[in-house]
Amino acid sequence: MKRPLPFPRALVALWLLVVAFFVVWYHGETVPQPLPDAPTRPNADARLPCVSYSPYFRAGVTPLDPNTQIPSEWIDLDLQALAKITRCVRTYSVDQGLDRVPEFAARHGLTVWLGAWIGRDDKKNAQELARAIALANQYRGVVTRLIVGNEVLLRREQTPENLARYLEQAKTQAQVPITYADVWEFWLRYRNALLPHVDLATIHILPYWEDRPQPIDSAAEHLFRIRTMARQVLGAIPIAIGETGWPSAGKQREGAVPSRVNQAKYVRDVLSLAATFNWDVNFIESHDQPWKRALEGTVGGYWGVLNTAQEPKFPLTGPVAERDTLWPPLTAALIGAVLLPLIASLRRWPVTLLGAALGFTAFWQWEHAVVAYRNAWEWGVLGATGVVALVVAVALAARPTYRATPPDWLTVATSYLLFALAVANVWLVVDGRYRDYATCLYLPLALVAPLRHWSVTLTERLWSAIALLCAAFVWLKEAMNGQALLWFLTTAAITLSLPRARAASSQATRVAPTAPQ
């Protein structure tokens, strides 16, 4: 006679589904995806036309610290490396040591779109602009344009009239073309105030960040439509695309999925358009910028064509894969599949299956932490949350007696996870633009939630209700978002098990009166 499974069949089926999902997901990421090559011409320069350059990609370096000063040696080395992949760099300021960029760009055969940062402080603006004008005049031929202000109107740090005065000052004093850079909507909205004071219009078109985010398959087409509309609205003035690009990691927005493959596709598609229509294009950006995660969430740090080790993230020709090998996640799954049966002292295949699922999840947690966590607090709190979820899952699977009569630490840990899940969901509703779906942190609890047989407190019911309602709202707002769907399903698997847990607890109470109520 066959021994009955030590777990509900539906739960075992869920574990099997999760393991199969991970295998298919990770294997799919190792398969090179065919992409159209970037255009090449005989004897033509195959480098990128221009990239935004910020030397703040190094660990612990940020322009948000007013005391930051970039050593000139860094700029020299960076531009020497960038000269291999681009013909031009765009800067955003001449402060913090960036006034040396034109000098080293000239040394390495690069041209510069020189930026003067304009903010709220008029005194600092005057100093910045004076220095930028002097540099532009000193390095004519290297500096091909002076960009006075970047998204100042978007940030609402100056009025169009005040910005026009800065532009006019630059136009009368600088010996290079003058422009202003902003997202395309704001450039078109305030064109009447800007056009008399510039020599060209510099617009930003970022399909990922649009109010209606564009899937990768329509992103280049969206760029073409906006660029065409801008030409119709702005008239004959030259137009430059001052920022465009695609992130390689971070939060999905509707159908816009950050990935290395998608980033490669978008860059190649834009290069093809630029070559066909002779567009002036700058890509954002040269390197991944970890400091931007403080402003824009995980996705803000991963727009570079180079990573922080200054390695290209993708080629401009040939197929591209999301990851190089399947072995790291498979190794994590194998470790989980071996360890959990040993801990549980139960050599049944469902335990091995759950161990593999938890191994895959632990690997996912680690990869998420590496790209997303910005400081020691996040590593401590969010990292601990993921570990607590893994420990709870192991305890409920390995110790059947814990399911009805848990030790105090297990009830506290489970309550904490429900509270954290509710908080995470509330943040996604009220301030979710830059927040990730941290599904990997709570998936371990979802995998074992039906094994909980002790009573559910009123507070836990409240947290679970809040979590479920918020998760449903977040998903329904972006119904085509796969990351949002996984988040909702994970939340639902945890919270919807609670009513069943209470019924089971009532039965357990009749059998074991000492079970906590």
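The structure reproduced in this document is the subject of the present report.

Cut-offs applied
Residues numbered from 1 in each chain as written. Predicted model: local features only at pLDDT ≥ 70, side-chain atom pairs only at ≥ 80, totals over all residues. Heavy atoms only, no water. Helix = DSSP H or I, 4+ residues; strand = E, 2+ residues; numbered from the N terminus. Buried < 20%, exposed > 50% of the residue type's maximum accessible area, 1.4 Å probe, protein only. Contact = heavy atoms within 4.5 Å. Areas by Shrake-Rupley, 256 points an atom, 1.4 Å probe, with all protein chains shown as cover. Lys, Arg positive; Asp, Glu negative; His and termini not counted. Charge placed at Lys NZ, Arg CZ, Asp CG, Glu CD. Disulfide = S-S within 2.5 Å. Pairing = 2+ DSSP bridges. Right-handed = clockwise from strand over helix to strand, strands pointing away. Patch = residues over 30% accessible without salt bridge, like charges linked within 9 Å, V, L, I, M, F, W, Y side chains within 5 Å. Salt bridge = Lys/Arg side-chain N within 4 Å of Asp/Glu carboxyl O. Axes fitted to C-alpha atoms, helices over the stretch in contact; angles between N-to-C directions. Left-handed = near helix turned anticlockwise from the far one by under 90°. Nonpolar A, V, L, I, M, F, W, Y, C, P; charged D, E, K, R; others polar. Expected span 1.5 Å × (residues − 1). Polar contact = N/O pair within 3.5 Å; in protein donor to acceptor, adjacent residues only side chain to side chain. Core = buried A, V, L, I, M, F, W, Y, C linked by side-chain atoms within 4.5 Å. Phe/Tyr/Trp six-rings, centres within 6.5 Å; stacked < 30°, edge-to-face > 60°. Lys NZ or Arg CZ within 6 Å of the ring centre and 35° of its normal.

**Here we look at the overall build of the chain**
Tallying secondary structure elements over the chain gives 19 helices and eight strands in all. When its C-alpha atoms are laid out on the principal axes, the chain stretches across 90 × 50 × 45 Å. For the chain, the proportion of its 517 residues judged to be buried stands at 53%. Sequence-distant contacts, at least 24 apart, represent 73% of the contacts inside the chain between residues at least 6 apart. Summing over all exposed atoms, the chain offers an accessible surface of approximately 23200 Å²; the carbon and sulfur share of this is 61%. The averaged location of the 41 negative side-chain charges in the chain is 9 Å from the averaged location of its 49 positive side-chain charges.

**Quick look at unusual backbone geometry**
A cis amide bond, omega 10°, links Ile-284 with the succeeding residue Glu-285. Counting through the fold element by element, Glu-285 comes out in the loop between strand 8 (280–283) and helix 11 (293–296). Unlike most non-glycine residues, Glu-151 shows phi in positive territory, near 55°. Examined against the element boundaries, Glu-151 turns out to sit in the loop between strand 4 (143–150) and helix 5 (152–155). For Glu-151, a relative accessible area of 15% gives the class buried. Of note, the phi angle at Gln-310 is positive, near 65°, even though the residue is not glycine.

**Digging into the state of the cysteines**
By the definition in use, this model includes one disulfide. For Cys-440, which is in no disulfide, the shortest distance to another cysteine sulfur is to Cys-470 and amounts to 19 Å. Here Cys-440 falls in the buried class, since its relative accessible area comes to 1%. The class of Cys-470 is buried, set by a relative accessible area of 15%.

**Looking at the pairing of strand 8**
Sheet analysis places strand 7 (residues 239–244) next to strand 8, joined by three bridges and oriented parallel. Each residue of the ladder has a partner; that of Thr-244, found in strand 8, is Phe-283. Between the parallel pair strand 7 and strand 8, the chain is carried across by helix 10 (residues 260–277), and the sense of this crossover is right-handed.

**Re a nonpolar patch on the surface**
Together, Trp-377, Val-381, Tyr-416, Phe-419, Val-423, Val-426, Trp-427, Val-430, Leu-462 and Ile-466 make up an exposed nonpolar region whose accessible area comes to about 880 Å². Breaking the nonpolar patch down by element, the ones donating at least two residues are helix 14 (376–398), helix 15 (408–430) and helix 17 (458–477). With respect to the secondary-structure elements, Tyr-416 resides in helix 15. Note on Tyr-416: relative accessible area 31%, which makes it partly exposed.

**Description of the pattern of salt bridges**
Scanning the model with the defined rule gives 21 salt bridges in all. The residue Asp-45 makes a salt bridge to Arg-47 at a minimum N-O spacing of 2.7 Å. Residue class for Asp-45 comes out partly exposed when judged on its relative accessible area of 39%. Among the salt bridges present, the one from Arg-155 reaches Glu-157, with a minimum N-O distance of 3.0 Å.

**Remarks on the packing of helix 15 against helix 18 (residues 482–495)**
Taken N-terminus to C-terminus, the directions of helix 15 and helix 18 make an angle of 145°; their axes are 12 Å apart at the nearest point. Crossing of helix 15 over helix 18 shows left-handed handedness. Note on element contacts: helix 18 touches helix 15 through Trp-487, Thr-491, Ile-494 and Thr-495, opposite Leu-418, Leu-421, Ala-424, Asn-425 and Leu-428. Here the contact of helix 15 with helix 18 is built from residues that sort into six nonpolar, three polar and no charged.

**Points about helix 10**
Taking 1.5 Å per residue, 18 residues should reach 26 Å; helix 10 reaches 26 Å between its end C-alpha atoms and fits that length. Most of helix 10 is tucked away: 13 of the 18 residues are buried. Downstream of helix 10 by one or two residues, Asn-278 has phi in the positive range, about 55°.

**Examining the side chain of His-204**
Structurally, the position occupied by His-204 is in strand 6 (residues 200–204). His-204 sits in the buried class, given a relative accessible area of 1%. Of note is the side chain of His-204, whose polar atom sits 3.1 Å from the side chain of Arg-90. Residues contacting His-204, with those up to four places away along its chain left out, are Arg-90, Asn-150, Glu-151, Ala-181, Asp-182, Val-183, Trp-184, Gly-242 and Glu-243.

**Comments concerning the environment of Val-101**
Assignment of secondary structure puts Val-101 in helix 3 (residues 101–107). It is 9.0 Å that separates the C-alpha atoms of Val-101 and Val-89, two residues lying twelve residues apart in sequence. Apart from the residues within four sequence positions on either side, Val-101 is in contact with Tyr-53, Ile-75, Leu-79, Val-89, Thr-91 and Val-112.

**Examining the nonpolar core**
Soluble globular proteins: nonpolar side chains tend toward being buried together. Core analysis: the largest hydrophobic core is formed by 88 residues, its most contacted members being Leu-79, Val-89, Leu-114, Leu-146 and Val-148. Here this core gets eight residues from one element, more than from any other, and that element is helix 10. When sequence neighbours within four positions are dropped, the list of residues in contact with Val-89 reads Cys-50, Val-51, Tyr-53, Leu-79, Leu-82, Val-101, Leu-110, Thr-111, Val-112 and Trp-113.

**Comments concerning the packing of aromatic side chains**
Per the stated rule, a full pass over the model turns up 27 aromatic pairs. Measuring from centroid to centroid gives 5.2 Å for Trp-475 and Phe-488, while their planes differ by 15°, and the two rings are stacked. Note that Trp-475 is positioned in helix 17 and Phe-488 in helix 18, a separation of 13 residues in sequence. Through a chain of ring-to-ring contacts, the aromatic side chains of Phe-21, Phe-22, Trp-25, Tyr-26, Phe-360, Phe-363 and Trp-364 assemble into a single cluster. Sitting above the plane of the Tyr-208 ring, Arg-253 keeps its charged end 5.8 Å from the centroid. It is Arg-435 that lies over the ring of Trp-427; its NZ or CZ is 4.2 Å from the centre.

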